Each structure stands twice: as C-alpha cells, then as structure tokens.
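Examination of the molecular architecture
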Amino acid sequence: MKNNIKLQAISALFIMLAAPAFAKDSHDHDDERDHHSNRLPNMFSAENSHGKDATYSTAGFIDLNNPFFKSIGTNGRSCASCHAPDQGWTITPQEVKKLFNKTKGLDPLFRLVDGANSPLADVTTVTKRRAAYSMLLEKANIRVGIGIPSGAEFELIEADDPYGFASETELSLFRRPMPTTNLKFLSAVMWDGRETTLQPGSGDCIFGTSTCFSPVSFDLGTQANHATRGHAEALRDLTEEERDAIVAFESGLFTAQIKDNDAGELTAEDALGGPKALKKQKYHFGINDTLAGDYKTREPFDPNAMSLYDSWNRFKTTKSTHGTKSARAAIARGQALFNSKPILIKGVKGINDDLAVSVLPGTCTTCHNTPNSGNHSTPMPLDIGIADESRRTPDMPLYTLKNKTTGEIVKTTDPGRALLTGKWKDIGRFKGPILRSVASRPPYFHDGSAPDLQSVVEFYNTRFSIGLTEREKADLVAFLAAL
Ligand code: HEC
Ligand code: HEC
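Because the structure is a prediction, the values reported are computed rather than measured. (Residues numbered from 1 in each chain as written. Chains lettered and ligands numbered in written order. Predicted model: local features only at pLDDT ≥ 70, side-chain atom pairs only at ≥ 80, totals over all residues. Heavy atoms only, no water.)

To continue, consider the coordination of the iron atom of ligand 2. Bound to the iron atom of ligand 2 on the protein side are His 368 (NE2) and Tyr 460 (OH), at distances that span 1.8 to 2.0 Å. Considering all six donor atoms around the iron atom of ligand 2, the spread of angles at the metal, 82 to 179 degrees, places the coordination shape in the octahedral class. Separated by 92 residues along the polypeptide, His 368 in the loop between α9 (364–367) and β15 (398–403) and Tyr 460 in helix α11 (residues 453–463) bring together distant segments of the chain. Judged by relative accessible area, His 368 falls into the buried class, the value being 11%. The class for Tyr 460 is partly exposed, based on a relative accessible area of 23%. (Donors = N, O, S within 2.8 Å, 3.2 Å for Na, K, Ca; no water. Tetrahedral: all angles 85-135°; square planar, octahedral: opposite > 155°, others 65-115°. Helix = DSSP H or I, 4+ residues; strand = E, 2+ residues; numbered from the N terminus. Buried < 20%, exposed > 50% of the residue type's maximum accessible area, 1.4 Å probe, protein only.)

Right, dumping it as structure tokens:
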C-alpha cells in the first residue's frame, strides 16, 4: 500500500513537471490565460516530428482535476496513463521509453495486467522489466485480452504466442490506445467496436435497416467504467458523477495539427487546419455515407470529404519554388489525392463480400468518409489486411483459426471483430480511426505496425497497387501530417 501511494505521488509529480512543456500558442489572444497549476491552458500544444498540435477544450481549459486524471483503481493508473495530452491523447513509444527510463519501469503505466507482454512475466529487475514491457516500449501497444466467444463459428487450433500466455480463454491482442479527443466524430467505440451497443428505435440506424445504435455518449460512459475496472484494476464501478464527468471532459476535446515544420501555421491564408475549425465541423451519424448518401441531407456521397485545405489549392509551385508556399501546395495536392486518387478496392471484408463486388473503384474517402475527420460515419469494421499472417512480425502472436463448418484455416495476429461476434467473416475487421492529429501519434494501425506516415502510405500503395509516384507519396504524407 505504502508503495502504491509513493507511485501515485511520483506520477502526480510528472504531470506537474510536464505542464510547462505544453506551450501556449502565443497567437491565441482570445483564450483565457490562466496560471492554475491544476489545469492546462486552452490551445495547449505539443510537438511532434512534423510540427505541433493543439488541443481546444470546450470547457475553456484542460481540467487536471477531472476524474480522467485521477487514480480511481488499485494500480495507480488514470486514463491519462494511456491517453496523455502531450501524446495526441494516446501514448507514443518515444515518451513511453522516457517514462520507463525515468522510473526504472515502475510508473503505473508499467503494470502486468495489460502493460506487459504476458501478465505472468517476471518483472523483478529493471532488465527483466525492459523485456517484459517490450511491446509497450517499442510500439506503445497495450495487451487487450479477449477469449474465443462461446458458439463461435471457429475454433482456435494453435496460439503461437512469443510470450507463452495466450490461449482460447484469453488471446493476447497488442493494440494501440485510441485517442480520447475529437470524439464528436465517433461512430463506433474501440478498434473492434466492442463498446458500441445496439439500441432498437434510436435515431442512429444503418440506412434502410432496423440496426440502430445507442448514442455514442452512452457507450463512452460504459467504456470509461470498463477501462477503470480493467486497465486501472478498480474494485468498484465509477459513480455516475465520475462517469459523466469523464465523458463530458473527453467529449469536449478537439485536437489537430496547428503548425507544420514546412508549411507554417495551418490556419494561414484561409486554411481550416487546427482544432478551432474542427470544433465547428458538422457531423451527424451517417454524414456523407458512401453507400446510401448523407443520411440527413440525402445528398449523394461526395468523395471530396476533405476540404480544410481548399484555400491552398491556388498555390502552384515550380521546381524553383521554396518555403511555405511550396509546402502548402504539397498539402493541397495531398488533400486532392486523398479525395480523388483512384483505388481499386479488392478483397476487403466488410466491402467486397458484403456488397458482392470483386472490385470496387474508390478513393481513400470511400472508407474515410466523415468530412474533415476521416473516420467512417457509420460503424463499419473492415479487413484491409493489417492482421494478415503475411504481415506478422516475430514480436506478434499468430493465431490459427479453423472454421467449424468448412474446415477452412486462417492465420491472423488479431481476429478483431470476430472475437465479439463469433463470425468467420469478421476475422481481421477493425474500424477506420478518426484521422485528425494523426502526426501526434505514431506508430499507426491497430497494432502499431507502421512506424510513420510514410509507411502507412507505402502500405496502401502496395496493398491496393495504387501506383503512386514518389511525389504523390510525399504529398499524401504532407497532407496527413497536417491533419
Ligand atoms: C493501460 C492503458 C489504458 C488506460 C489506463 C485507459 N485506456 Fe482507453 N484505450 C486503451 C486502449 C489499448 C484502447 C483501444 C483498445 C481496443 O480498441 O481494443 C483504448 C480505447 C479507448 C477509447 C476508444 C476511442 C475510440 O476511438 O474508439 C476511449 C474513449 C478510451 N480508451 C477512454 C479511456 C478512459 C475514459 C480511460 C479511463 C477511465 C481509459 N481509456 C484508460 C488503453 C487505455
Ligand atoms: C478499404 C477501406 C480503406 C481505404 C480505401 C483506405 N483506408 Fe485507411 N484505414 C482503413 C481501416 C479499416 C483502418 C484501420 C486498420 C487497422 O488498423 O486494422 C485504416 C487506417 C488508416 C490510418 C491509420 C490511422 C491510425 O490512427 O493508426 C491512416 C493514416 C489511413 N488509414 C490513411 C489512409 C489513406 C491515406 C488512404 C488512401 C491512400 C486510405 N487510408 C485508404 C480503411 C481504409
């Protein structure tokens, strides 16, 4: 117990030490300045390799007294242990490594329950802890433990887990924490949508069906409680007040890149980068739906889902142009590619099978359709192949699943949605995340397998044989980094 209190004191100290690093954007005269030590100023900003982001909170400041930042469980963790304001509201390997070195791997982030590669790992010395927490250190991945559901259409016939723990009662799934910001645009909660619940008769129904979902705020409340019971090993549920306070807090956050190393201010010359414009962005369930058109306005699907850099379309560059103008032109070209570069979508479970089309001509926005946010505006988990056997690296487990009816075999590093539904067709399906402030949170994809945005673009170029030129790749990266 004594030890626990000491650890909490250490982590409280880190929050205080870290606070001055969140530089206030000096151009924001309209935001209230404040000198309270228990809050971070509005529009506080954190650096990343492409520039810096900023978070706008509708509360006017980031309230460090919110239960989001409190240790409510038994292991010293708070939500901010894995959703840190200065790491795009998730965590990055760079900062996790620093924290490990500072605390010799004793910070509450480093807990056996889901921080370690195996909950049974030996963590008695620093060297052993470095090995036991390697997935957290290298990819900032958390071990999500989910078993094969009863009545599943498949069985687990082999669990090749390099850490010797996984079994059919609990597969080890190494996943990136998703950001707890920009939640206004959320249509499904968690990579596999497991916190998204059905509510017959609600307003949020898949077009033309009676499949209707609970309001996201409701699911976020349940999610917060599960996170507290699970990640923080709490012995009690959150009170209703705590739940509501956490959901209100996280739902009021907007984070986006605000300054780019090459293009400068992302709000310059009428561009709509940064969190303030994002806060004003329209959203409703099924907005700009790819299949049925906008659920509310009944406008057909518009592939030009990204428009925040429209005003920079006018910048034309030649070989001799340098500086911010040419960087802004690159971002605008990247936006155009994201909206319109043809992609032949093939072999994607959730698209090609459900629509019974072997090839669907589309673009990035076919899947990332929510305007200026980039997630999918309805829950639509897709298998783009991230968990495929062919992409397995030696640090990842590999699960061999057998279809009980057909005898077919699939090997995957993470069955994804199928562990919720038990359905064979759902193996490897994950949701497409909100893409704003993506520069703040490498590595990418649910398993952190893409170390940077270049690798993300390379993945798509190879997976769908897009045929991007080197300049197009660089433009797409410039655009993603400016989100
Ligand atoms: C030990 C690390 C850890 C802690 C502590 C933690 N989370 Fe998470 N969080 C994760 C991971 C990992 C995921 C993604 C897991 C998945 O999808 O399977 C996640 C996902 C989420 C999401 C889903 C976002 C989306 O886009 O779907 C929300 C919201 C969230 N967490 C909120 C919280 C809150 C609130 C708390 C505190 C009560 C909390 N988390 C504590 C690791 C953590
Ligand atoms: C067929 C649907 C589909 C298409 C087309 C598509 N994406 Fe994705 N995207 C997804 C899904 C699903 C994920 C999550 C996959 C996972 O982690 O398993 C994702 C993840 C991402 C991520 C990672 C975000 C993060 O937080 O880790 C980025 C960045 C991204 N996509 C950019 C793009 C770009 C750029 C294009 C066009 C070149 C594109 N996507 C085309 C479905 C798609």
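That shown, we press on.
So, about the coordination of the iron atom of ligand 1. What the protein offers the iron atom of ligand 1 as a donor is a single atom, His 83 (NE2), at 2.1 Å. Looking at where His 83 falls in the secondary structure, it is placed in the loop between β5 (61–63) and α2 (93–103).

Next up on the list: the packing of helix α8 (residues 323–340) against helix α12 (residues 470–481). Packing of α8 against α12 brings their axes to within 7 Å, and their N-to-C directions diverge by 95 degrees. Relative to α12, the element α8 is oriented roughly perpendicular. Contacts between α8 and α12 pair Ala 330, Ile 331, Arg 333, Gly 334, Gln 335, Leu 337 and Phe 338 from the former with Arg 471, Glu 472, Asp 475, Leu 476, Ala 478, Phe 479 and Leu 480 from the latter. (Axes fitted to C-alpha atoms, helices over the stretch in contact; angles between N-to-C directions. Parallel < 35°, antiparallel > 145°, perpendicular 65-115°, else oblique. Contact = heavy atoms within 4.5 Å.)

Summed over the entire model, instances satisfying the criterion amount to 23 salt bridges. Notably, a salt bridge pairs Glu 95 with Lys 98, separated by 3.0 Å at the nearest N-O pair. Taken as a pair, Glu 95 and Lys 98 lie in helix α2 at a separation of three residues, close to a single helical turn. According to the relative accessible area criterion, Glu 95 is partly exposed, its value standing at 22%. Given the relative accessible area of 41%, Lys 98 is considered partly exposed. One network of salt bridges, with partners in common, ties together Arg 175, Asp 192, Arg 194 and Asp 414. (Salt bridge = Lys/Arg side-chain N within 4 Å of Asp/Glu carboxyl O.)

Scanning the entire structure with this criterion turns up one disulfide. Each disulfide pairs two cysteine sulfurs, and for Cys 205 the partner residue is Cys 212, the sulfurs being separated by 2.2 Å. Its S-S torsion of about 100 degrees marks the bond between Cys 205 and Cys 212 as right-handed, since a negative value means left-handed. Cys 212 gets classed as buried once you look at its relative accessible area, which sits at 6%. (Disulfide = S-S within 2.5 Å.)

Once that is clear, we can look at the confidence of the model for the protein chain. When pLDDT is averaged along the protein chain, the result is 93; 92% of the residues meet or exceed 70. Here residues 1–34 is a poorly scored stretch, pLDDT under 50, and it has 44 contacts once near neighbours within four places are set aside; other chains count. (pLDDT = per-residue confidence, 0-100.)

Turning our attention to the site of ligand 1. Lining the immediate environment of ligand 1, one finds 28 residues, of which Cys 79, Cys 82, His 83, Met 190 and Arg 194 sit closest. Between an oxygen atom of ligand 1 and a side-chain N or O atom of Arg 194, the distance comes to 2.7 Å. The contact in question runs from an oxygen atom of ligand 1 to an N or O atom on the side chain of Lys 431, over 2.8 Å. Of all the secondary-structure elements, those providing two or more residues to the shell around ligand 1 are β6 (142–146), α5 (216–230) and α6 (240–251). With five residues, α5 is the largest single contributor of residues to the shell around ligand 1. (Near = heavy atom within 4 Å. Polar contact = N/O pair within 3.5 Å; in protein donor to acceptor, adjacent residues only side chain to side chain.)

Taken in spatial order, the three strands make up an open sheet running β7-β15-β16, and their pairing is antiparallel. One side of each edge strand has no neighbouring strand; the edge strands of this open sheet are β7 (154–160) and β16 (409–412). Between one strand axis and the next, the sheet turns by 25 degrees as a mean value, whatever way the strands run. Bridge count between β15 and β16: four bridges; the pairing is antiparallel. (Pairing = 2+ DSSP bridges.)

Where α5 meets α6, the closest approach of the two axes is 9 Å, and the angle between their N-to-C directions is 120 degrees. Here the hand of the crossing between α5 and α6 comes out right-handed. Across from Ser 217, Leu 220, Gly 221, Thr 222, Ala 224 and Asn 225 in α5, the residues of α6 making contact are Arg 243, Ile 246, Val 247, Glu 250 and Ser 251. (Left-handed = near helix turned anticlockwise from the far one by under 90°.)

Looking now at the packing of aromatic side chains. For any two aromatic rings, the description comes down to two numbers: the centre-to-centre distance and the angle of the planes. Inspection of every chain in the model, using the stated rule, returns 21 aromatic pairs. Ring geometry for Phe 68 against Phe 249: centres 5.1 Å apart, planes inclined by 45 degrees, an arrangement best described as tilted. Pair noted here: Phe 68 is in the loop between β5 and α2 and Phe 249 is in helix α6, with a separation of 181 residues, a long-range link. Just as Phe 68 is buried, Phe 249 falls in that class too. (Phe/Tyr/Trp six-rings, centres within 6.5 Å; stacked < 30°, edge-to-face > 60°.)

Here the focus is the site of ligand 2. Neighbouring residues of ligand 2: 24 residues in total, closest Cys 364, Cys 367, His 368, His 446 and Tyr 460. Here a nitrogen atom of ligand 2 sits 2.8 Å away from a polar atom, N or O, in the side chain of His 368. Separating an oxygen atom of ligand 2 from a backbone N or O atom of Phe 445 is a distance of 2.8 Å. For the shell around ligand 2, the per-class residue count stands at 18 nonpolar, four polar and two charged. (Nonpolar A, V, L, I, M, F, W, Y, C, P; charged D, E, K, R; others polar.)

Let us look at the side chain of Thr 370. With respect to the helices and strands, the residue Thr 370 is situated in the loop between α9 and β15. Taking the relative accessible area as the measure of exposure, Thr 370 reaches 0% and is therefore buried. Apart from residues no more than four positions distant in its own chain, Thr 370 is found in contact with Phe 185, Tyr 283, Ile 287, Asn 375, His 376 and Ser 377.

Okay, α11 next. Residues of α11 that are buried: Leu 453, Val 456, Val 457, Phe 459 and Asn 461. Buried-residue contacts for α11 involve α12. Looking one or two residues beyond α11, the residue adopting positive phi is Ser 465, at roughly 40 degrees.

Another aspect to go through is the pairing of strand β8 (residues 171–175). Most of β8 is tucked away: five of the five residues are buried. Residues Leu 171, Leu 173 and Arg 175 of β8 are buried on one face, and the alternating residues Ser 172 and Phe 174, pointing to the opposite face, are buried as well. Looking at chain direction, β6 and β8 are connected through five bridges and run antiparallel. Across the sheet, residue Val 144 finds its bridge partner in β8, namely Leu 173.

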